[in-house]
Amino acid sequence: MKTIGVLTSGGDAPGMNAAIRAVVRAGCESGFRVMGIRRGYNGLMYGDMYEMNLRSVSNIINRGGTVLYSARSPEFKTEEGLQKAIKVCKEVDMEGVVVIGGDGSFRGARDLSLHGIPCVGVPGTIDNDIACTDYTIGYDTSMNTVMEMVDRLRDTSESHDRCSVVEVMGRKAGYIALNAGIACGATSILIPEIAVDFEKDVIDRMRRTQKTGKRHFIIVVAEGVEGVGSVEEMAKRIQEETGVESRATVLGHVQRGGSPTVRDRVLASEMGYKAVQLIKAGIGNRVMAIHKEEVVDYDIFEALNMQNEIDLNLYKIAHEISI
Ligand code: ADP
Ligand code: F6P
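Below or above, wherever it landed, is the structure these notes cover. Keep in mind the model is a prediction, meaning the values are calculated, not measured.

## Notes on the packing of aromatic side chains
Piece 1. Under the definition given, this model contains 2 aromatic pairs.
Piece 2. When the ring centre of Y135 is taken as origin, the NZ or CZ atom of R263, which lies over that ring, is 3.9 Å away.

Laid out in C-alpha cells, this is it:
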C-alpha cells in the first residue's frame, strides 16, 4: 500500500486540525496508508508516526491547536538531521509528505523535495506572511480573536478615559495589526512595513483627536515594529506627552488558540484535499495557496522567492478614518 505522511510544523494555527482531517480523509479515500507524523520534523527524523484512519480525525475540525503537535526543530536544519528524515521516509516508502506550516516549514519541505521526497506545503500560520497566498490558515481566526480582545480593552479604556497600547503577533509582518486595528477602530496602527515616526503617528494624532473631544484611545502595535521600545515604554511616553493615563497589553499566545472560523476551516479543508490530489497525481514540490478566492498551487521554489506585500491603501484609509 502506498504511504503518505502529514505533519504540522512551526507555530500552531487554528485550522491546522481541519487541514489534517482533510488530508487523512482524502488520503484514505484515495487508497493511501496515511501516517500522522508527530511534532513536525522531529517526528520525521525519529520515526515518531502512527497510521491514521477515517475515524482518527473525527471531532477535530472545530478544535484549535494540532492533534499531531507541532515543534520547531533546529536539528532538522542540519545536514545530519535532514539525512535522518530522508532515511525514515525511505524506510516507510513515503510517496509524499503534506507539510502544514509557515515559510520556515516550507524551506524544510523544499530540502526534502530536493532529496527525492515529494512534499506539498499547506500554509498554516496566524501571521499571513507567506507571499504566494492571499490568506494562510489561522490568520482569520487570529484576527477575530485580536478583535474580540481589543474590544474588551476598549470597554475598560473608555470607562477610565485611558489609552490602551496593544501589542499583537505577526512576527515581522503587520497583517494582523493592520486588519484587526481597522476592525477595532484603533487611533494608530504601527506595522513593520511602514517606518514609524512616533511623535507624528501617535502623539500628534492623539492630540488632534483630543481637541475634537476624544478621551480614550487604542494604539495597535505589531510585534515586529522596531525602534519604538516596548509597549510599556510607549504607554509611559504617551502618558507623559499627552496626559492621558495609559496601559500596555501584550496579547501573546491567546492569538494562536481557539476554535477556527468558518473561513479557516473551509480553506484548510480545500487545501488539505487538493494537496493529496497533487501527491496522488505524482506531483510534489508544490505549495498550496489561495489567490482571488481560488485555491491554486505554486512551485515551492517560486513560492519561497515571492515577496510579501501589504495593502498600503488600507493603511492610509485606516488612518484617515480613525480621527
Ligand atoms: P514556520 O514554519 O511557522 O515559519 P519556523 O520558521 O520555526 O516556523 O520553521 C519550522 C521548522 O521548519 C524549523 O524548526 C525547522 O525544522 C524547519 N526550517 C525552518 N527554516 C528552515 C530552513 N531554512 N531550512 C530547512 N528547514 C527549515
Ligand atoms: O509564527 C507564529 C507566531 O505566533 C508569531 O506571530 C510569533 O512571533 C511567534 O510565532 C511566537 O513563537 P513562540 O510560540 O515560539 O513563542
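There is more to say, and it comes next.
## Focus on the site of ligand 2
Piece 1. Lining the immediate surroundings of ligand 2 are R72, T125, I126, D127, M169, G170, R171, E223, H253 and R256.
Piece 2. Here E223 contributes a side-chain N or O atom positioned 2.6 Å from an oxygen atom of ligand 2.
Piece 3. The cavity that encloses ligand 2 is the largest pocket.
Piece 4. Residues belonging to the shell around ligand 2 are distributed by class as follows: 2 nonpolar, 3 polar and 5 charged.

## Describing the site of ligand 1
Piece 1. As a structural note, the neighbourhood of ligand 1 is formed by 15 residues, with R72, S73, G102, G104 and S105 the closest of them.
Piece 2. G102 is positioned such that a nitrogen or oxygen atom in its backbone is 3.0 Å from an oxygen atom of ligand 1.
Piece 3. One of the side-chain nitrogen or oxygen atoms of D111 is found 3.5 Å away from a nitrogen atom of ligand 1.
Piece 4. Within the complex, the protein chains bury 84% of what would otherwise be the 550 Å² of accessible surface of ligand 1.
Piece 5. Judged by the proximity of its atoms to the pocket grid, ligand 1 belongs to the largest pocket.
Piece 6. With 6 residues, the single largest contributor to the shell around ligand 1 is helix α4 (residues 103–114).

## A look at the sheet that holds strand β3 (residues 49–52)
Piece 1. Read across the sheet, 7 strands follow the order β3-β2-β1-β4-β5-β10-β11 without closing on themselves; strand pairing throughout is mixed. Unpaired on one side and paired on the other, β3 and β11 (294–299) mark the two borders of the sheet. Between one strand axis and the next, the sheet turns through 30° on average, direction left out of account.
Piece 2. Bridge count between strand β4 (residues 94–101) and strand β5 (residues 119–123): 5 bridges; the pairing is parallel. Note on β5: the bridge partner recorded for V97 is C119.
Piece 3. Packed onto the sheet, helix α9 (residues 262–280) meets β1 (3–8), β4, β5, β10 (286–291) and β11 and runs at close to 145° relative to β10.

## Examining the pairing of β10
Piece 1. Note that β5 and β10 share 2 bridges and pair parallel. In the strand pairing of β10, V120 is matched with R286.
Piece 2. Here β10 folds back onto β11, and the loop between the two strands holds 2 residues, one of which, K292, carries a positive phi near 50°.

Procedures and definitions
Residues numbered from 1 in each chain as written. Chains lettered and ligands numbered in written order. Predicted model: local features only at pLDDT ≥ 70, side-chain atom pairs only at ≥ 80, totals over all residues. Heavy atoms only, no water. Phe/Tyr/Trp six-rings, centres within 6.5 Å; stacked < 30°, edge-to-face > 60°. Lys NZ or Arg CZ within 6 Å of the ring centre and 35° of its normal. Near = heavy atom within 4 Å. Polar contact = N/O pair within 3.5 Å; in protein donor to acceptor, adjacent residues only side chain to side chain. 1 Å grid on protein atoms, 1.4 Å probe; cavity = no way out; pocket = protein on both sides within 12 Å on 5 of 7 lines; lining within 4 Å. Sits in = over half its atoms within 2 Å of the grid points. Nonpolar A, V, L, I, M, F, W, Y, C, P; charged D, E, K, R; others polar. Areas by Shrake-Rupley, 256 points an atom, 1.4 Å probe, with all protein chains shown as cover. Helix = DSSP H or I, 4+ residues; strand = E, 2+ residues; numbered from the N terminus. Pairing = 2+ DSSP bridges. Axes fitted to C-alpha atoms, helices over the stretch in contact; angles between N-to-C directions. Contact = heavy atoms within 4.5 Å.

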